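Chain residues, written in single-letter form:
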Amino acid sequence: MNSLIRAAGLEGYEALGRSIGIDVEHELARVGLSLGQLSDPDRLLPYPAMIRLLENSASVARCPDFGLRLSQLQGLGMLGTLSVALRHAKTLGDALQLGSRYMFVHSPSIRFLVLPVEGDPANVDLAISIDLPDLPPCTQTLELCLGVMAECIRVLGQGRVRPTLAQLPHARCGPARNYAAAFGCESRFERLLAALRIPAASLGEPLAEHNPMLQQLAQNYLDQNFSAGTRCVADQVRSLVRRLLGTGETAQASIASALAMHPRTLQRHLKAEGSSFEEIIDSIRRERLLSLFSQAQAPSMAQVSAMLGYAEQAVLTRSCQRWFGLSPSALRKRALGKMP
């Protein structure tokens, strides 16, 4: 279930593809999809197939910002019933919390969070990511998601709320003017997160279409007809820590806040699942260290320490000795095959 997405995620694909000379039927078939599957927005499609479709389409059409362009053909309505709940929420902050809570209805693999900005309490980041095992290259999909998010903010805020910064984890693909048009703000690339930054005060912005009855009816429908599944709390914590490691936001209190829990409640859930917050973050640091050291051009030890969320390089050394019985430099050599 976690690797599915509603066909609404490809709204506008056929029109955009044909307009730039793509053989739409052929490209869909290459990833195991068909044009008929796109006619029902609520039909569930394999998310990896959609991701590959967008990457392939950008390549064959020589359109490096294909996902960004596709986002301009989509909007809040593509979220179906969830869009009703969002439109009729009391404030923008309430709408965003509903979006975070119910995004699994659109796809269980999409994570949407409202995160504080370290050292900048006047702003928050609206961060989005894709949580899939063996995630294929997804530049086009991330740009699509962020472009749609920008449009949703414009609609919900009636033009009164605008992003001040767009962040993407990859290098710029298309012309800078296209990003400015899609996001309405400065864009920065090769960042840790895919996110839009807005003023924290904007979360209190009242929504023009607020209707408590309609909002509750939509939320009741979502509660009665959809389930978040059996994804355990430990998996949710692992997903968050993997994305936030190195940002300074992986303290237990920060993770609990992102999951809308009290830290003690989070710890109780983890204990009931036979885990703990400390074990999870330790295992992810170990996993990330091995990944970093397997790169031919691995970062410096100081950079590695920061990327693992350690305040001092000495802590990295102690952890490495505990995990592998080796110093970080010896482990790097072994990972690169330079020592037995």
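Residues numbered from 1 in each chain as written. Predicted model: local features only at pLDDT ≥ 70, side-chain atom pairs only at ≥ 80, totals over all residues. Heavy atoms only, no water.

*Asks:* Hey, could you run me through the packing of helix H10 (residues 233-244) against helix H12 (residues 263-272) in this one?
*Replies:* The relative placement of two packed helices comes down to the angle between their axes together with the axis-to-axis distance. Packing of H10 against H12 brings their axes to within 8 Å, and their N-to-C directions diverge by 120°. From H10, Val233, Ala234 and Val237 reach across to H12, where they touch Leu266, His269 and Leu270. A class-by-class count of the residues in the contact of H10 with H12 yields 5 nonpolar, 1 polar and no charged. (Axes fitted to C-alpha atoms, helices over the stretch in contact; angles between N-to-C directions. Helix = DSSP H or I, 4+ residues; strand = E, 2+ residues; numbered from the N terminus. Contact = heavy atoms within 4.5 Å. Nonpolar A, V, L, I, M, F, W, Y, C, P; charged D, E, K, R; others polar.)

*Asks:* I keep staring at the packing of aromatic side chains and nothing clicks. Help me out?
*Replies:* Summed over the entire model, instances satisfying the criterion amount to 5 aromatic pairs. Taking the centre distance of 5.0 Å and the plane angle of 80° together, the rings of tyrosine 179 and phenylalanine 189 count as edge-to-face. One end of the pair, tyrosine 179, is in helix H8 (residues 176-183); the other, phenylalanine 189, is in the loop between strand S6 (186-188) and strand S7 (194-199), with 10 residues separating them in the sequence. In this structure tyrosine 179 comes out as buried when scored by relative accessible area, which is 1%. An aromatic cluster is defined as three or more aromatic residues linked by ring pairs; in this entry it consists of Tyr179, Phe183 and Phe189. (Phe/Tyr/Trp six-rings, centres within 6.5 Å; stacked < 30°, edge-to-face > 60°. Buried < 20%, exposed > 50% of the residue type's maximum accessible area, 1.4 Å probe, protein only.)

*Asks:* Explain the sheet that holds strand S5 (residues 165-167) to me, please; I cannot follow it from the model alone.
*Replies:* Paired through their backbone hydrogen bonds, the strands of a sheet run either parallel or antiparallel. Here we have 5 strands laid out as an open sheet, ordered S3-S4-S7-S5-S6, and mixed in their pairing. A strand with exactly one partner marks an edge of an open sheet, and here the two such strands are strand S3 (110-116) and S6. For this sheet, the mean angle separating the axes of adjacent strands, direction not counted, is 20°. Relative to S7, strand S4 (residues 123-130) runs antiparallel, the two sharing 6 bridges. (Pairing = 2+ DSSP bridges.)

*Asks:* Looking at this structure, I do not really get the pairing of S7. What am I missing?
*Replies:* For a regular strand, the rule is simple: side chains alternate between the two faces of the sheet. With 5 of its 6 residues buried, S7 lies for the most part within the structure. One ladder, built from 3 bridges, connects S5 with S7; its direction is antiparallel. Each residue of the ladder has a partner; that of leucine 165, found in S7, is arginine 197.

*Asks:* I tried to follow the side chain of serine 57 on my own but got confused; where do I start?
*Replies:* Relative to the helices and strands, serine 57 is located in helix H3 (residues 47-60). Of the polar contacts made by the side chain of serine 57, one reaches the side chain of tyrosine 13; its length is 2.8 Å. Apart from the residues lying within four places of it in its own chain, the contact partners of serine 57 are Tyr13, Ile22, Glu27 and Phe66. (Polar contact = N/O pair within 3.5 Å; in protein donor to acceptor, adjacent residues only side chain to side chain.)

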